[in-house]
Amino acid sequence: MSFSTSQILPECKTDGELGIFDRPSAAYIHIPFCRRRCFYCDFPVSVVGDAYGGPNARKNADNSGTIQEYVAALCEEISITRKFCQSLQTVFFGGGTPSLLSVKQLSRILSSLDREMGIAKDAEISMEIDPGTFSLEQLQGYRAAGVNRVSLGVQAFQDELLKVCGRSHNVYDIYESVDLVQKAGIPNFSLDLISGLPHQTLAQWEFSLLAAVKITPTHLSCYDLVLEPVTAFGRYFAVGIEPLPGEEIAAQMYRLAQEILTNAGYEHYEISNYALPSYQCRHNRVYWENRSYYGFGMGAASYVEGVRFTRSRTRQEYYQWVKDLTSVNVENPMQLSDILLETLMLGLRLAEGLSLNAIAQKFGENILNRIWNCLQSYYQQGWIEITGDDGLLLVVENGESLPQFGHLRLNDPEGFLFSNRILATLFSQLGDRE
């Protein structure tokens, strides 16, 4: 599907024109540059080696024609994007390794967003950073430009596991980077960890969790390794076969994370995410609540007016699209049944689950019965819970219908742990609704 120039040029829309879809107030910015490609990574990235970023960089990113060209294209895309009269409440720089950008380059992108769309004064502006890729001066510059939240890609606290993953940092770099974040005065920072790595033991996972808690970040993301076919790990390993941990060990890792982190005061607010009170990631909640958002840059996806579209995963094709203003990989507008399934899939990732009243209002009261028919067996197993508007658990007896108030949620940790099985049932039984 193609966009005409008139479709892409700035144009404000009214609430009436947007219909059931909200106005996007979040923007994801993809920065594709990395020192090297990690062995588990299938993201669209461009490897630049150790030349750019960090205190020991051989070349400043401001002098890199490759990075400068990309930033220029990114700002051009922002300028030609149709606007929806809503200032941005969240901005997220992901990658890749956004901390390979210079302060000047990051400031240019944020200035483009603010000029074209407006950035709210209290907006959450997040940035993914990797250990060993930035200096204190860089972080101070990022903060002055508006960044108020950073996510540090730690992954593990064992040098041998970091090496197995193909990471460009070591454990010493982790602690040095945390020290720089704290010196830069960025109190809101997250750590990323990965479980289920090759050769990883339960004891090593416990050590990494305890080490992370000792650092006291405001937020922690704990992801289970996913084998993607196009990655080095996807070629070398198979799920459940050594050196990868078996299914039971992987489940124990998930339960252990839930136990250690909640006991340390972190809220398990999403399947893979934990936060201290008031520090949930506002940007990522946009995805989980199935709200609209902009995406900019190579491989980035947008969700606007019920249409998802994804840009090319290569820089040259992305540049050509920005230059021509005529074509982009656009999926068909979503049917109501697709929107329902995505709403269920994303909303059930959250600890509070889904508002039953909102589901009934948006998709009709009858859909609650169909959802309940799918989930009753899981409710009886204790994997599904129903809560009132006050958050207290409700009991739904056999033969009773779901109430049209309160929330439907997965139990923590078992419901979260078996979420794929629950979602598969919903998709198989509700997918033919329309």
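Only a predicted model underlies this, so the values are computations on that prediction, with no experimental measurement involved. Think of each chain on its own: its residues are numbered from 1, step by step along the sequence as written. Reporting of local features is limited, given that this is a predicted model, to residues whose pLDDT is at least 70; pairs of side-chain atoms are given and counted only at 80 or more, and all residues count toward the totals for whole chains, interfaces and linings. Heavy atoms from the whole structure form the basis of all side-chain values; hydrogens and water molecules are not counted.

Undergrad: Help me understand the overall build of the protein chain in this model?
TA: Helix and strand definitions here come from DSSP, where helices need a minimum of 4 consecutive H or I residues and strands a minimum of 2 consecutive E residues; each element is numbered from the N-terminal end. Looking only at helices and strands, one finds 17 helices and 18 strands in the protein chain. Based on C-alpha atoms, the radius of gyration is set beside the globule rule, defined as 2.2 Å times the residue count to the power 0.38. The C-alpha radius of gyration computed for the protein chain amounts to 22 Å, which stays within 12% of the reference 22 Å derived for 434 residues, consistent with globular compactness. For the protein chain, the spread of C-alpha atoms along the three principal axes comes to 70 × 55 × 40 Å. Relative accessible area decides the class of each residue, using a 1.4 Å probe on protein chains only: under 20% of the type maximum gives buried, over 50% gives exposed, and in between gives partly exposed. Out of the 434 residues belonging to the protein chain, those deemed buried represent 54%. Contacts between residues were defined by any pair of non-hydrogen atoms, one from each residue, lying within 4.5 Å. Once local pairs closer than 6 in sequence are excluded, the contacts in the protein chain between residues at least 24 apart make up 71%. In these tables, accessible area is a Shrake-Rupley quantity obtained with a 1.4 Å probe, and a residue counts as shielded only by the protein chains included in the view. Carbon and sulfur atoms make up 49% of the accessible area of the protein chain, which totals about 18900 Å². Asp and Glu are treated as the negative residues and Lys and Arg as the positive ones, with His and the ends of the chain left uncounted. Where a charge lies is defined by one atom per residue type, namely NZ (Lys), CZ (Arg), CG (Asp) and CD (Glu). If the 35 positive side-chain charges of the protein chain are averaged to one point and the 50 negative ones to another, these points end up 7 Å apart.

Undergrad: Is there a simple way to explain the side chain of Ser102 in this structure?
TA: The residue Ser102 is located in the loop between strand E4 (88-95) and helix H4 (103-116) in this model. Its relative accessible area of 8% is what places Ser102 among the buried residues. Under this definition, polar contacts are N or O atom pairs within 3.5 Å; protein pairs additionally need one hydrogen-donor-capable and one acceptor-capable atom, and for neighbouring residues in sequence, both atoms have to be side-chain atoms. At 2.5 Å, the side chain of Ser102 and the side chain of Asp62 are in polar contact.

Undergrad: Where do I start with the sheet that holds strand E15 (residues 354-355) in this structure?
TA: In a beta sheet, neighbouring strands are held together by backbone hydrogen bonds and run either parallel or antiparallel to one another. Within the open sheet, the four strands sit side by side as E15-E18-E16-E17. Their pairing is antiparallel. The strands lining the two open edges of the sheet, one partner per strand, are E15 and strand E17 (393-394). Relative to strand E18 (residues 407-410), strand E16 (residues 384-387) is paired through four bridges, and the arrangement is antiparallel. Paired with Glu385 across the bridge in E18 is Arg409. Two strands form a pair only when DSSP identifies at least two bridges running between them.

Undergrad: In this structure, what is going on with the pairing of strand E9 (residues 267-270)? I would like to understand it.
TA: Along any regular strand the residues' side chains alternate between the sheet's two faces. Bridging between E9 and strand E10 (residues 273-275) involves three bridges; their strand directions are antiparallel. Residue pairing for E10: Glu267 is matched across the bridge by Ala275. Counting the residues between successive antiparallel strands, the hairpin from E9 to E10 contains two residues.

Undergrad: Teacher, can you tell me more about the packing of aromatic side chains here?
TA: Planes of paired rings set the category: under 30 degrees apart is stacked, over 60 is edge-to-face and the rest tilted, where pairs are Phe, Tyr or Trp rings (Trp by its six-membered ring) whose centres lie within 6.5 Å. Here the structure, examined in full by the defined rule, presents 19 aromatic pairs. Their ring planes at 10° and their centres at 5.8 Å tell us that Tyr378 and Trp383 sit as a pair that is stacked. Pairwise contacts between aromatic rings join Phe33, Tyr70, Tyr318, Tyr319 and Trp321 into one cluster. The rule for a charge over a ring is simple: NZ of Lys or CZ of Arg within 6 Å of the ring centre, and within 35 degrees of the ring normal. Over the aromatic face of Tyr236 sits the side chain of Arg235, whose NZ or CZ is 5.8 Å from the ring centroid. The positively charged end of Arg308 is found above the aromatic ring belonging to Tyr303, 3.8 Å away from the centroid.

Undergrad: Sorry if this is basic, but what is going on with the nonpolar core here?
TA: Soluble globular proteins tend to pack their nonpolar side chains together in the buried interior. Within this scheme, the nonpolar core is defined by two criteria: the residues are buried Ala, Val, Leu, Ile, Met, Phe, Trp, Tyr or Cys, and they are joined through side-chain atoms within 4.5 Å. Ranked by size, the top nonpolar core spans 85 residues in total, and within it Phe93, Ile109 and Leu113 carry the most contacts. With seven residues, the top contributor of residues to this core is helix H3 (residues 65-80). Excluding anything up to four places from it in sequence, Ile109 contacts Ile29, Ile31, Val71, Leu74, Cys75, Ile78, Phe93 and Leu101. Counting residues in hydrophobic clusters, the runner-up holds 38 residues, among them Ile339, Leu344, Ala360 and Ile422.

Undergrad: When you look at the packing of helix H13 (residues 336-347) against helix H14 (residues 356-363) in this model, what are you seeing that I'm missing?
TA: Packing of H13 against H14 leaves a shortest axis separation of 11 Å and a crossing angle of 170°. Classed by the angle they form, the pair H13 and H14 counts as roughly antiparallel. Residue-level contacts link Leu336, Ile339, Leu340 and Thr343 of H13 to Ile359, Lys362 and Phe363 of H14. Under the grouping applied here, Gly and all other residues not named as nonpolar or charged are polar, the nonpolar ones being Ala, Val, Leu, Ile, Met, Phe, Trp, Tyr, Cys and Pro and the charged ones Asp, Glu, Lys and Arg. Residues of the contact of H13 with H14, tallied by class, amount to five nonpolar, one polar and one charged. Angles shown run from 0 to 180 degrees and are taken between the N-to-C directions of axes, each axis being a line fitted to C-alpha atoms and, for helices, limited to the stretch in contact. Convention used here: angles under 35 degrees read as roughly parallel, angles over 145 as roughly antiparallel, angles from 65 to 115 as roughly perpendicular, and any remaining angle as oblique.

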